[in-house]
Amino acid sequence: MRKRVILSAAVLFVSGAVGTIPAQAQFLKKLGKALDKVANAGNKKSDDSKVRQIGETVKNDNITMTAKGISPVEIGVKVSALPQQVAGLYDKVTSNTEEDMDGDVMTYLTFTLGGQPKLTATADSDGVIWQVSTESADVVVYVNGNPYKVGDKIATLKRERGVRADDDYGFAACYGDIDVNEDTNGTICSFSIGRY
C-alpha cells in the first residue's frame, strides 16, 4: 500500500500534474502527513501492561515444536532474551556452561515445570541457542496436520508423507528440521532440532 502511494505521488509530481512550486510544496506536505498515517496505522497506543519485558513470565497456550523450536526457546534466540518463566511450559531454568570435546564453550539449559523437565537447549559461546530438544509428552509436533507426542508409535509417524530416515546423525526419523528418536518399545522418546 505504502509503495503504491509513494509511486503515485512521484508520478504526479514528476509529470507536473500538481502545478506550481507552492502547490507542489503543499502537495508534498500533505503527502508526508498521509504517509505518516499509513506508516502508523498499525501502531495503536499500547497498554503498557501487555508489553513483554525480558525476564518476566509469559504464557504459551500451545506447546508445539516447530522447525524453530518451542516458543520462546528457539534457534537463534539469545539466552539473555528468554523469559524467566513461561506459564504451562517452564517455571525454572538451570544452566551449565562448559567446554565441549572440541574446546568450544557451550551453555546447556534445562527448562522444568513443577520440577519435571520439559525441554533442553544448547547455546554457543555468544549465548545464541543452536539446539532445542524435548522428551516431554506435553509438546506436540504436527506432521501433515497430525499431532505427534513423545510416547506415540514411531511406525505411525514413519508412514507420514515427508518423514524420512536420518542416515547422517542416526535419528530414527526426520521431518523437515525436526529429528525424532525412538525407544526400545518402538515409541517416540524425543524430538530435537539443531543447526549441527
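**Considering the overall build of the protein chain**
Point 1. Looking only at helices and strands, the protein chain features three helices and 14 strands.
Point 2. Here the protein chain holds 196 residues, and the buried ones make up 32% of them.
Point 3. Counting only carbon and sulfur atoms, one obtains 52% of the accessible surface of the protein chain, whose full area is about 12,300 Å².

**Notes on the pattern of salt bridges**
Point 1. With the rule as written, the count across this model stands at three salt bridges.
Point 2. The partner of lysine 118 in a salt bridge is aspartate 138, and the shortest N-O contact between them spans 2.0 Å. Here the residue lysine 118 occupies a position in strand E7 (residues 116-123), and aspartate 138 occupies one in the loop between strand E8 (129-134) and strand E9 (141-143), the gap between them amounting to 20 residues.
Point 3. Residue class for lysine 118 comes out buried when judged on its relative accessible area of 11%.
Point 4. Two residues, aspartate 177 and arginine 195, come together in a salt bridge whose shortest N-O distance is 3.9 Å. One end of the pair, aspartate 177, is in the loop between strand E12 (173-175) and strand E13 (178-182); the other, arginine 195, is in the segment after strand E14 (188-194), with 18 residues separating them in the sequence.

**Thoughts on the sheet that holds strand E6 (residues 105-113)**
Point 1. Pairing in this open sheet of eight strands is antiparallel, and the strands run E5-E6-E7-E8-E14-E13-E12-E11 from one edge to the other. At either margin of the open sheet sits one strand with a lone partner, and together these are strand E5 (92-99) and strand E11 (163-164).
Point 2. Bridging between E7 and E8 involves four bridges; their strand directions are antiparallel. In the strand pairing of E8, threonine 122 is matched with glutamine 131.

**Observations concerning the pairing of E5**
Point 1. Sheet analysis places E5 next to E6, joined by eight bridges and oriented antiparallel. Its bridge partner lying in E6, glutamate 98 is registered against methionine 106.
Point 2. Counting the residues that bridge the hairpin from E5 to E6 gives five residues, and of these glycine 103 lies at a positive phi of roughly 90°.

Definitions and cut-offs
Residues numbered from 1 in each chain as written. Predicted model: local features only at pLDDT ≥ 70, side-chain atom pairs only at ≥ 80, totals over all residues. Heavy atoms only, no water. Helix = DSSP H or I, 4+ residues; strand = E, 2+ residues; numbered from the N terminus. Buried < 20%, exposed > 50% of the residue type's maximum accessible area, 1.4 Å probe, protein only. Areas by Shrake-Rupley, 256 points an atom, 1.4 Å probe, with all protein chains shown as cover. Salt bridge = Lys/Arg side-chain N within 4 Å of Asp/Glu carboxyl O. Pairing = 2+ DSSP bridges.

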